[in-house]
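One-letter residues, chain by chain:
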Amino acid sequence: MEAPPKTVERVKDLRRRMTLPEVILWQHLRGRKLLGMRFRRQHPIGPFILDLYCVEARLAVEVDGSGHEHPDQAAYDRERTTWLGKRGVAVPRVPARDLLENLEGVLVTIRQRVGG
């Protein structure tokens, strides 16, 4: 699915500015470390940029910081999840604090989602 040029440029910036929880999760998913599945970071799809995306599993893992608790952001997240769902992409959302406090539990959940 093609992404607009502006989105592709934003991807480059986001890859340089990943949050600590995103970096921690990326370190455990990159290089096919999880069940041999390939994840991409800050992957553009349509008008959106996904934190981490596995093409084979059609799974977008979104790391949510405290800003996602704001009503406007929560509404945007629901709209985005619906848009992706209509295109066959599942979107589990992981609170950033869970990555810092319970990384192994998050990894278990992702393993289950990709079918392992």
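Residues numbered from 1 in each chain as written. Predicted model: local features only at pLDDT ≥ 70, side-chain atom pairs only at ≥ 80, totals over all residues. Heavy atoms only, no water.

Can you help me understand the overall build of the chain in this one?
From N to C terminus, the chain includes 5 helices and 4 strands. Counted from the first residue to the last, the chain has its helices and strands arranged as α-α-β-β-β-α-β-α-α. Here the C-alpha radius of gyration of the chain, 14 Å, is about what a compact globule of 116 residues would show, namely 13 Å. Judged by the C-alpha coordinates and their principal axes, the chain covers about 35 × 30 × 30 Å. Put simply, the chain has 116 residues, and 39% of those count as buried. When contacts within the chain are restricted to residue pairs at least 6 apart in sequence, long-range pairs at least 24 apart make up 60% of them. (Helix = DSSP H or I, 4+ residues; strand = E, 2+ residues; numbered from the N terminus. Rg over C-alpha atoms; globule rule 2.2 N^0.38 Å. Buried < 20%, exposed > 50% of the residue type's maximum accessible area, 1.4 Å probe, protein only. Contact = heavy atoms within 4.5 Å.)

I keep staring at the environment of Lys6 and nothing clicks. Help me out?
Structurally, Lys6 can be placed in helix H1 (residues 5-16). On the basis of relative accessibility, which here comes to 74%, the residue Lys6 falls in the exposed class.

Any chance you could explain the packing of helix H2 (residues 20-29) against helix H5 (residues 103-114) here in plain terms?
In a packed pair of helices, the relevant descriptors are the angle between the two axes and the axis-to-axis distance. At their nearest, the axes of H2 and H5 sit 11 Å apart, and the two run at 55° to each other. The angle between H2 and H5 places the two elements in the oblique class. Once H2 is placed against H5, the crossing between them reads as right-handed. Contact residues: Ile24, Leu25, His28 and Leu29 in H2; Leu103, Leu107 and Ile110 in H5. Residue composition of the contact of H2 with H5, by class: 6 nonpolar, 1 polar and no charged. (Axes fitted to C-alpha atoms, helices over the stretch in contact; angles between N-to-C directions. Parallel < 35°, antiparallel > 145°, perpendicular 65-115°, else oblique. Left-handed = near helix turned anticlockwise from the far one by under 90°. Nonpolar A, V, L, I, M, F, W, Y, C, P; charged D, E, K, R; others polar.)

On their own, these measurements won't tell you what the molecule is for.
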